[in-house]
Amino acid sequence: MAWEAVIGLECHVQLKTRTKMFCGCPNRFGAEPNANVCPVCLGLPGALPRTNERALEYALRLGAALACEIAGESVFARKNYFYPDMPKNYQVSQYDRPLCVGGSLPIAVDGERHAVPLTRIHCEEDAGKSFHPERHGDRRLSRVDFNRAGVPLLELVTEPALRSPEACAAFLHALRRLVRWLGISDGDMEKGQLRCDANVSLRPAGATTLGTKTELKNLNTIKGVERGVAAEIERQRQLLAAGGRVTQATLLFDADRDRLAVMRSKEHAHDYRYFPEPDLPVLRASEARVAAVRAASPELPWAREARLRETFALPAYDAAVLTESRELSDYFEACVPSGHAKLASNWLMTEVLRVLKERDWSISDWSERVPAARFRGFLAKVAARELPGPVAKQVFSWLADEPGDAGALLERHGVKVASGEETLRPLVRAVIDEHPGPVAQVLAGEERTFGFLVGQVMKKSGGQAVPQEVQRLLREELAARARS
Amino acid sequence: MAIDRAEAARIAELARLSLSPEELDRMAIQLSNVLEFAATLDQLSLGDEPLTVFAPPEAALRKDEPDGRTLDAETAVANAPEAEGGFFLVPPVVEDLEP
Amino acid sequence: MSATATWQRPARAIAADVRAGRLAPGDAAESGFDGPGARWEHDVHATLSTDAAARSRAAAKAPKEGRLAGVPVLLKDNLCTLDHPTTCGSRILGSWRSPYDATVVRRLREAGAVIVGKGNMDEFAMGSSTEFSAFGPTRNPFDLARVPGGSSGGPAAAVAYGLVPLALGSDTGGSVRQPAAFCGVLGLKPTYGRLSRYGLVAFGSSLDQVGIFARHVGDVAEAYVVLAGADPFDASMREGPAPDVSAWDAGVAGLRFGWPSNLWKDGVDEAIVDALERAAGALERAGATRVPFEFLPGAFSVATYYLLATAEASSNLARFDGVRYGHRAAADELSALYARTRGEGFGPEVRRRILLGTYALSAGYHDQFYAKAQRARTRIAREYAEAFARCDLLLMPTTPTPPFKLGEKTDDPLAMYLSDVFTIGANLAGIPGLSVPMGLASGLPVGVQLLGPADAEPVLLRAARALEAEGRVGDIPTGYEWEFTWPGKR
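Residues numbered from 1 in each chain as written. Chains lettered and ligands numbered in written order. Predicted model: local features only at pLDDT ≥ 70, side-chain atom pairs only at ≥ 80, totals over all residues.

Q: Help me understand the confidence of the model for chain C in this model?
A: If pLDDT is low for a region, its predicted coordinates should not be looked at in detail. Residues and elements named next belong to chain C. Put simply, chain C has an average pLDDT of 92, and 95% of its residues get 70 or more. This stretch, residues 471-490, has a pLDDT under 50; its non-local contacts, to residues over four places away or in other chains, come to 35 contacts. On the interface metric, ipTM, the complex scores 0.94, and its pTM is 0.92. (pLDDT = per-residue confidence, 0-100. Contact = placed C-beta atoms within 7 Å.)

In structure tokens, the structure reads:
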């Protein structure tokens, strides 16, 4: 029996607004405990929420980018449950009437493109953080910090349209890229700026009804999502193959042990008793506001990816890497010398990205020192073969730390590039004169020895000649000798 | 609309209220009376009536700026029944995992 | 009439004298506490936290300019204050000190008022008699065996017996208007959204409003001017500027008042009906026109209210859990922490309402109770709107009876709830309501209620003024300077 995995993802995106969702406390990572709280986000008696305009703006950006239907009026609702990291023991969220419904996110899995349909996107506030219990004298207690309470979140729910762990990973990559691209979130899963729960079920391949699903939580990295989903698919598959039935459960993924643990099923499921938030008016997204957001929408990453492939004839891999970030792809387009897209792509993907990683830089850090125009100048020289391989690498290594174009840099470092007929031809002639034996071999048809001769010219030039030029001149001279 | 003790206990659990069995029984009766009275609403034909929702016409949203109300960390925990090192302290918060 | 003591004078007169330097900011406060306070506070128990040191500190800091310069004000204890504890009449807040002032409190201070302390109340504003305070009841100054009304019984009584000329309460289903009627003072519930709720501990968020108690219409107007208006910290406020109440003395010529007499055909005490007739007569003599019609009986409002208010309350009170502030029960385990803290800290009426609200919202019952009540609310609001198409204000009872005896209704929640039958509608519809004292009947205060459409405060105050100027009824003169004779029975 072939089983088909049916997976839906529930993601939370933490928005990088300056202040929290419903109060003016700083939305800041890593402060002293409980230093970023006020009566509102601490849930003090008498406190009231007020919605952050920028959070709405960011939500609309995402909804527009994902082609969602955006509600002109949506309603905040209270989700009531008790937990120590919940300052009010209810979360202000959205229920019946969310901000966005529908829409889709394009992804590519194994080269195949899919549009993952979405169910909805809505706005809500984050909870505080509670920590694992620790010894306090003869008791065990947990610490709670409310700095994170009230930070704006977007909850994004997909239809159960994903079919593999790889697709889940691709979805998260695409979502992370998008939220960074739109400037609404840093999307760092390690910092909890992007979170993901997965609902997993199996059904016989080709069936249309859904099987019982389980919920996976604590998937803290994209790899973790992939492995956790894979583990659960396998667990369910084995269970079903043995004739068992999947029971609804919540499972936590332990990344260290690569293992799923079932949460003790509660006697009664959560009854959140949703009702519209009476302290907040209807959330209005006027037509004018939505139109403005749509109009200001940048070229979206997948569109740019496609355009780079088409316009610059770049392979899919390159287009994907270059569009990892908007800044990187902007830089690429600005530094491409006409007709040499692949060259530019290679240099960016291998050399520049390597430097960024080594120095822990963003592409902006790089482009501050090596503006696109300057890099274009460098690439143009490489393309014109004015900088042979090793020399080009040397010049590149100086670009970030020193000013000047390639010529100036070479001069400063006392490196000469041997090029031009006047310089090279005498060297070629000298090598031919000094190595009659190999010359005779080449003229007799042994190509391998040609390389030896090229090498000798390079040696004579101090290794700084452009190989293609040397080869050309060598062939000319050899041909001339052959005729004589 | 009778609420029995079991139902009253279920609601008390949802509301995180500990009540003695006598209180539960008393509450059950009192709640039943009130709910019966609430059923008078059935006398109004409300089929098409929309739910009340608050919708000021151009509800102004808050600008994404500090508003001067952030407390210093000391004040934040000053009223805490138990705190240490700037954190609130509570009995263990554990995920209920099956072994 | 002997020379009036400072505590007897209207707030406006006190403020004028302080601004002119004829009175020190602390004088009126001391006059109230040294005079009637010293004689009666022990029996009436209107206040929860007040001490001479706090009063003189407040007086020292009070600006000598300002509309309410030197005016002593008592605040219902569900308004957050920096300089006094805030208990909401409950044990669950322990000895909590708010790190912030409610907006209305801040505005009072900026206007020069002297906050003298916090007033007793039914726990978390849930009650109609102040008998559900965790700290003992307040007694009606006119008959110490009777209730002052609730939930703002403390502030109402304090104004009634002269401790302060001005007090703030909160009104969710009548908790300002009903105690005002029971205590023989004016009590205004403003239009929903005209006074900021930031710092008012929430009970029924869509129903709560801070309310004003005073003995003179002009004082109510003055306080309204100071308090009303937009607050960046409250998103539920009404748009546009607050209505202008400066013409509260402009008279009622040409105004039409609705007369829904079907509402008091049965079940309303004769003394109240008599007060209504007297009020109607006074308004007509002052140039207003009576418009009789039938109105929706209040029982529907009560049913609707007790589903919606308790639903909102069950959520609003979830934050009282022993984690961040207030009382914490001994517990080794989280669920016990919550259940015991709340079970110990909340009184029976609060627990009852939390359970009711939780039930109304719970899965399977939501549509039957909460959603149905939301629809009923829309209908009720529409009924009022239709009524106001035909008149400028409504005249109706505030309460069905004069003040009842302590202990009379505490065992019968439903009976207690039904005593709100005339006040609840205004909260559901978000409209303003003003209870106006109409003298004594058998020694007990009776009041009538004026209701208007949203932002009709100016009209309500004009009508109240017409009733105020009508003159003496029995021993209690109304008007600018009045001498308070204290019947104080036990």
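Q: What should I look at first to understand the interface of chain B and chain A in this one?
A: Accessible area lost on assembly of the parts is the figure often given for the size of an interface. With 33 residues of chain B in contact, the opposing surface of chain A contributes 45 residues. If one sorts the elements of the side of chain B that touches chain A by residue count, strand β2 (residues 87-90) of chain B sits on top with 4 residues. Summarising the sheet, strand β11 (residues 139-145) of chain A and β2 of chain B pair through 3 bridges and their orientation is antiparallel. Bridged to valine 144 of chain A within β2 of chain B is phenylalanine 88 of chain B. (Helix = DSSP H or I, 4+ residues; strand = E, 2+ residues; numbered from the N terminus. Pairing = 2+ DSSP bridges.)

Q: What is the right way to read the domain arrangement of chain A from this model?
A: Residues and elements named next belong to chain A. In terms of domain boundaries, chain A breaks down into domain 1 (3-290), domain 2 (299-412) and domain 3 (421-483). Taken over C-alpha atoms, the centre of domain 2 sits 33 Å from the centre of domain 3. Every contact between the two is made by 4 residues of domain 2 and, on the other side, 7 residues of domain 3. Tallied by class, residues from the side of domain 2 that touches domain 3 come to 3 nonpolar, no polar and 1 charged. (Domains from an automatic or database assignment. Nonpolar A, V, L, I, M, F, W, Y, C, P; charged D, E, K, R; others polar.)

Q: Can you walk me through helix α13 (residues 421-434) of chain A in this structure?
A: Quick reminder: α-helices carry 3.6 residues per turn. Residues three or four places apart thus point the same way. In a regular helix each residue adds 1.5 Å, so 14 residues correspond to 20 Å; α13 of chain A covers 19 Å between its end C-alpha atoms and thus fits that length. Of the surrounding secondary structure, the elements contacted by the buried residues of α13 of chain A are α14 (436-443), α15 (448-460) and α16 (467-483) of chain A. (Expected span 1.5 Å × (residues − 1).)

Q: What is the right way to read the pairing of strand β4 (residues 76-80) of chain A from this model?
A: Strand residues, when the strand is regular, have side chains that alternate between the two faces of the sheet. Residues and elements named next belong to chain A. A large share of β4 lies buried, amounting to 4 of its 5 residues. Pairing of β4 with strand β5 (residues 90-94) involves 5 bridges; the strand directions are antiparallel. The residue bridging phenylalanine 76 from the neighbouring strand is glutamine 94, located in β5. Across 2 bridges, β4 lies against strand β17 (residues 275-276) in antiparallel orientation. Residue pairing for β17: alanine 77 is matched across the bridge by proline 276. (Buried ≥ 20, exposed ≤ 12 C-beta atoms within 10 Å, placed from the backbone.)

Q: Sorry if this is basic, but what is going on with the packing of helix α1 (residues 5-14) of chain B against helix α2 (residues 21-38) of chain B here?
A: For any two helices packed against each other, one specifies the crossing angle of their axes together with the interaxial distance. Residue and element names in this part refer to chain B. Contact pair α1 / α2: the axes reach a minimum separation of 9 Å and the direction vectors enclose 95°. As judged from the angle between their axes, α1 and α2 are roughly perpendicular. Here Arg5, Ala8, Ala9 and Ala12 of α1 lie close against α2, whose contacting residues are Leu24, Asp25, Met27, Ala28 and Leu31. Here the residues of the contact of α1 with α2 sort into 7 nonpolar, no polar and 2 charged. (Axes fitted to C-alpha atoms, helices over the stretch in contact; angles between N-to-C directions. Parallel < 35°, antiparallel > 145°, perpendicular 65-115°, else oblique.)

Q: Help me out: how do you make sense of the sheet that holds strand β10 (residues 433-441) of chain C in this one?
A: Whenever strands of a sheet pair, they do so through backbone hydrogen bonds, lying parallel or antiparallel. All names here are of chain C. Pairing within the open sheet is mixed, and its 11 strands lie in the order β1-β3-β2-β4-β6-β5-β10-β11-β9-β7-β8. What marks the edges here is a single partner per strand, and that holds for β1 (47-49) and β8 (289-292). Here the strands of the sheet are splayed against their neighbours by 30° on average, with no regard to which way each runs. When β1 meets strand β3 (residues 114-119), the two strands line up antiparallel, connected through 2 bridges. Its bridge partner being in β3, serine 49 is matched across the sheet by lysine 118. Along the sheet, helix α7 (residues 217-227) makes contact with β4 (166-171), β5 (186-189) and β6 (209-214), crossing β6 at roughly 145°.

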